[in-house]
Amino acid sequence: MDTTVHGGLNYTELKQLGLAPADILDFSANINPLGTAPGVLDAIRQVDPAAYPDPDCLQLRTALGAHLGLTPEHILVGNGATELIHLLARACLQPGARAVIFAPAFGEYEAACHIQGVAPAFVCTRPGSAFRWDLRAALDLLMEIQPALVFLGNPNNPTGAYLSEDSVTQLAAAVQQHGLLVLDEAYLSFVDRRWDSRRLLQRENVVLLRSMTKDHALAGLRLGYLLAAPEVRARIGAFAYSWSVNSLAQVAGIAALENLQHVVMGREAACAGREFLHRELHRMGFSCTSSSANFLLVTVGDARALRRILLLEHGLCVRDCTSFGLPEHIRLGVRVLADCRRLLRALEDVQAAAPGGACNAS
């Protein structure tokens, strides 16, 4: 049974609590704070739902290739990055194979490994390290167990940590040719000072995973893609289901590439909101990680209790990080400044009503 926890509204939970989704302001999902670009919405309205989608996503792959300076043969499109994560596990994890996950991490990495009968090893951050990994220990582990598959979020979810090109290159070298290093770059577009990871594709043991769901606010359509050497891309794509990417998503992806300024403006809005929240939360006494992405990890005490209070009493949904192994933390997806101010007012109310309770500043 899949028990993986995700951000986004839980409609079953809301129904049980007697809450309407339209009345909830969602800080638990990490997407472009400006929403979907108008040009994308216009393109979706022109889609004929009676026609089958292109199972090869050729037009979208061609458009992505032109944007990225790669051939369509380097690109595999999926029903969100999650489908691609599971395809990677199916393609790489045979009986007896090893896998490594840099943690804390997106829960689908571990779920995909377990479905293939593989219990992954973890590279974990140490207490007091500000959620940064020990690179030397990670390199030693990779060289020792020679994993077939390594998952590394960069920027990491939920911490927002972003590794340098030199660090990732060392990790790719440690994986060598016996496995794949999957660099999950779902939040890369929200990083101000990012390096060009496409250079790593020359190694042929690196896969780059990206999310148009996050960049262009297409969560309801589900759209992601991976970049890899053509031979690797073909090996992974052999496990894909027919028509997994619907016509709406494909057309939306093509239109999104014609509205790239929307991503730039979304990054600027996310940066402004992140800096504002970071500063004001510190003023209130909360501890926040330094994040390169469009979300913040915040120490609050009892995360589950705070999430419930915010949901029931303030109409706000935040991400309880208990499933990441961080029960004293919440993750806040950055929204526009007006929404961020509403969140801060709610946190101030909770602090005032229950000092030392569910909302411990630390």
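See above for the structure.
Residues numbered from 1 in each chain as written. Predicted model: local features only at pLDDT ≥ 70, side-chain atom pairs only at ≥ 80, totals over all residues. Heavy atoms only, no water.

*Asks:* Is there a simple way to explain the packing of aromatic side chains in this structure?
*Replies:* Geometry of an aromatic ring pair is reported as the spacing of the ring centres plus the angle between the planes. Counted by the stated rule, this structure contains 6 aromatic pairs. Summarising the aromatic geometry, the rings of Phe102 and Trp133 are spaced 5.3 Å apart at their centres and angled 85° between planes, so their arrangement reads as edge-to-face. Of this pair, Phe102 sits in strand β3 (residues 99-103) while Trp133 sits in the loop between β4 (121-124) and α6 (135-145), and the two are 31 residues apart along the sequence. For Trp133, a relative accessible area of 12% gives the class buried. Note on Tyr187 and Phe295: the rings are 5.0 Å apart at their centroids and 80° apart in plane angle, and the pair reads as edge-to-face. (Phe/Tyr/Trp six-rings, centres within 6.5 Å; stacked < 30°, edge-to-face > 60°. Helix = DSSP H or I, 4+ residues; strand = E, 2+ residues; numbered from the N terminus. Buried < 20%, exposed > 50% of the residue type's maximum accessible area, 1.4 Å probe, protein only.)

*Asks:* Is there a simple way to think about the side chain of Ser244 in this case?
*Replies:* Tracing the backbone through its elements, the reader meets Ser244 in the loop between α9 (230-237) and α10 (247-256). At a separation of 3.0 Å, a polar atom in the side chain of Ser244 contacts the side chain of Glu83. If we skip the residues at most four places from it in the chain, Ser244 touches Asn79 and Glu83. (Polar contact = N/O pair within 3.5 Å; in protein donor to acceptor, adjacent residues only side chain to side chain. Contact = heavy atoms within 4.5 Å.)

*Asks:* What exactly am I supposed to notice about the side chain of Ser28 here?
*Replies:* Here Ser28 shows up in the loop between β1 (25-26) and α2 (38-44). Leaving out residues up to four positions away in the same chain, Ser28 has contacts with Gly7, Gly8, Leu9, Cys317, Val318, Arg319 and Arg331.

*Asks:* What should I look at first to understand the pattern of salt bridges in this one?
*Replies:* Between side chains of opposite charge, a pair can form when the charged atoms approach closely. Tallied over the full model, the rule gives 12 salt bridges. Here Asp140 ties to Arg136 by a salt bridge, and the two come within 3.2 Å at their closest N and O atoms. With Asp140 and Arg136 both in helix α6 and 4 residues apart, this pair spans about one turn of that helix. Given the relative accessible area of 38%, Asp140 is considered partly exposed. Taking relative accessible area as the criterion, Arg136 reaches 47% and is therefore assigned partly exposed. Taken together, the shared-partner salt bridges connect Arg279, Glu280, Arg283 and Glu348 into one network. (Salt bridge = Lys/Arg side-chain N within 4 Å of Asp/Glu carboxyl O.)

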